[in-house]
Amino acid sequence: MITIKSHREIELMRASGAIVAQVLGMIGREIREGMNTLELDRMAESYIRDNGGVPSFLNYAPKGDSSVKPYPATLCVSINEEVVHGVPDARKIIRNGDIVSVDCGVFKGGYHGDSARTYLIGEVDPKVQELVRVTRECLERGIAQARAGNRLHDISAAVEEHARCHGFSVIENMVGHGIGAELHEEPPVPNYGRKNTGVKLREGMALAIEPMIAMGRSRNAVSKNGAWVAVTEDGMPSAHFEHTIVVKKDEADIMTLP
Ligand code: MF3
Ligand code: CO
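These lines cover the structure that appears in this document, whether it is placed above or below. Just so it is clear, the model here is predicted, and its values are computed rather than measured.

### What to know about the coordination of the cobalt ion (ligand 2)
Link 1 in the chain: Around the cobalt ion (ligand 2), the donor atoms from the protein are D114 (OD), H177 (NE2), E210 (OE) and E242 (OE), and they sit 2.1 to 2.3 Å away.
Link 2 in the chain: Viewed at the metal, the six donor atoms of the cobalt ion (ligand 2) are separated by angles of 66 to 171 degrees, and the geometry they form is irregular.
Link 3 in the chain: Along the chain, the residues donating to the cobalt ion (ligand 2) fall in the pattern D-x62-H-x32-E-x31-E. Separated by 96 residues along the polypeptide, D114 in strand β5 (residues 111–120) and E210 in the loop between β9 (206–209) and β10 (212–214) bring together distant segments of the chain.
Link 4 in the chain: Classification of D114 as buried rests on a relative accessible area of 2%.
Link 5 in the chain: For E210, a relative accessible area of 8% translates into the label buried.

As structure tokens, this is what we get:
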């Protein structure tokens, strides 16, 4: 079932989303070569708790999969070939030339906000810079399709089309999602699909749209048994951007802005 959010619920989601946006802004100012990814996590968790929120991902356990341990951190920090769900670690050092996806979720007032950005560290290979720019544009184009009356896969098709037209590949086995009182609600929001298919979008639907786009040919992000982190099949870099939005009559309302 896809829930429709009331005006009151949307304002609560906006408050959670604003904390997420502030965390990602702070990380953008602080992230640099030589740092370890656990430092970023500590910074994010303190900021969230100081602002009356709880990290959405901490202790998150996927329903019906007991092979994976509850998620142990506030952020997902995924470097280069890591697509998503990189677990912060004091031994994991950020290096010059890396691209680093930071994904953050905040629960406050009964509702979640979820957003991700990919940061460039120092001198990044121009082709990899293009990957990051195109992935950001994929998110923008997806959001531009999120309006009442359109269909869900109009979002997906817009993301896929932009990625492919630049020769990049879409990670198909990880998807965006509905969001609200639960971090993951219906419907799944794939980053590929056919225009004019999928459920009709209605005002008040809240979606986390999150393109994961890779150089090379990978169509899937793969994890070792029991590990959270998911990497490209061919070891090529992957980028990730995400916003939580609410469908409106015209332009989508973005919850995860500062
Ligand atoms: N934004 C990601 C998602 O929506 C992050 C989830 S991390 C998890 O799936 F630990 F909560 F799974
Ligand atoms: Co998400």
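What follows continues from the structure just given.
### Description of the side chain of T118
Link 1 in the chain: Secondary-structure assignment places T118 in strand β5.
Link 2 in the chain: Looking at T118, its side chain comes within polar contact range of the main-chain oxygen of H240, at 2.7 Å.
Link 3 in the chain: T118 has contacts with I99, V100, S101, V132, A239, H240 and F241, leaving out every residue within four places of it along the chain.

### Some remarks on the environment of Q129
Link 1 in the chain: Considering the arrangement of structural elements, one finds Q129 in helix α3 (residues 126–144).
Link 2 in the chain: Using a relative accessible area of 37% as the deciding quantity, one classes Q129 as partly exposed.
Link 3 in the chain: Here the alpha-carbon distance between Q129 and A239, two residues 110 residues apart in the chain, equals 9.7 Å.
Link 4 in the chain: Ignoring any residue separated from it by four or fewer positions in sequence, one finds Q129 in contact with L120 and V124.

### A few points about the site of ligand 1
Link 1 in the chain: The full set close to ligand 1 counts 13 residues, and D103, D114, H177, H184 and E242 are the nearest of them.
Link 2 in the chain: Between an oxygen atom of ligand 1 and a side-chain N or O atom of H177, the distance comes to 2.7 Å.
Link 3 in the chain: One of the side-chain N or O atoms of E210 is found 3.2 Å from an oxygen atom in ligand 1.
Link 4 in the chain: Spatially, ligand 1 is embedded in the largest pocket.
Link 5 in the chain: Class assignment of the residues belonging to the shell around ligand 1 gives a composition of six nonpolar, three polar and four charged.

### Things to note about the packing of helix α1 (residues 7–30) against helix α2 (residues 37–50)
Link 1 in the chain: Relative to each other, α1 and α2 sit at 145 degrees, their axes nearing to 10 Å. When you trace α1 past α2, the crossing you get is right-handed. Residue-level inspection shows I19, Q22, V23, M26, I27 and E30 of α1 in contact with α2, the latter providing L40, M43, A44, Y47 and I48.
Link 2 in the chain: Here the residues of the contact of α1 with α2 sort into nine nonpolar, one polar and one charged.

Here is what the cut-offs are and how they apply
- Residues numbered from 1 in each chain as written.
- Chains lettered and ligands numbered in written order.
- Predicted model: local features only at pLDDT ≥ 70, side-chain atom pairs only at ≥ 80, totals over all residues.
- Heavy atoms only, no water.
- Donors = N, O, S within 2.8 Å, 3.2 Å for Na, K, Ca; no water.
- Tetrahedral: all angles 85-135°; square planar, octahedral: opposite > 155°, others 65-115°.
- Helix = DSSP H or I, 4+ residues; strand = E, 2+ residues; numbered from the N terminus.
- Buried < 20%, exposed > 50% of the residue type's maximum accessible area, 1.4 Å probe, protein only.
- Polar contact = N/O pair within 3.5 Å; in protein donor to acceptor, adjacent residues only side chain to side chain.
- Contact = heavy atoms within 4.5 Å.
- Near = heavy atom within 4 Å.
- 1 Å grid on protein atoms, 1.4 Å probe; cavity = no way out; pocket = protein on both sides within 12 Å on 5 of 7 lines; lining within 4 Å.
- Sits in = over half its atoms within 2 Å of the grid points.
- Nonpolar A, V, L, I, M, F, W, Y, C, P; charged D, E, K, R; others polar.
- Axes fitted to C-alpha atoms, helices over the stretch in contact; angles between N-to-C directions.
- Left-handed = near helix turned anticlockwise from the far one by under 90°.

Keep in mind these values describe shape, not function.
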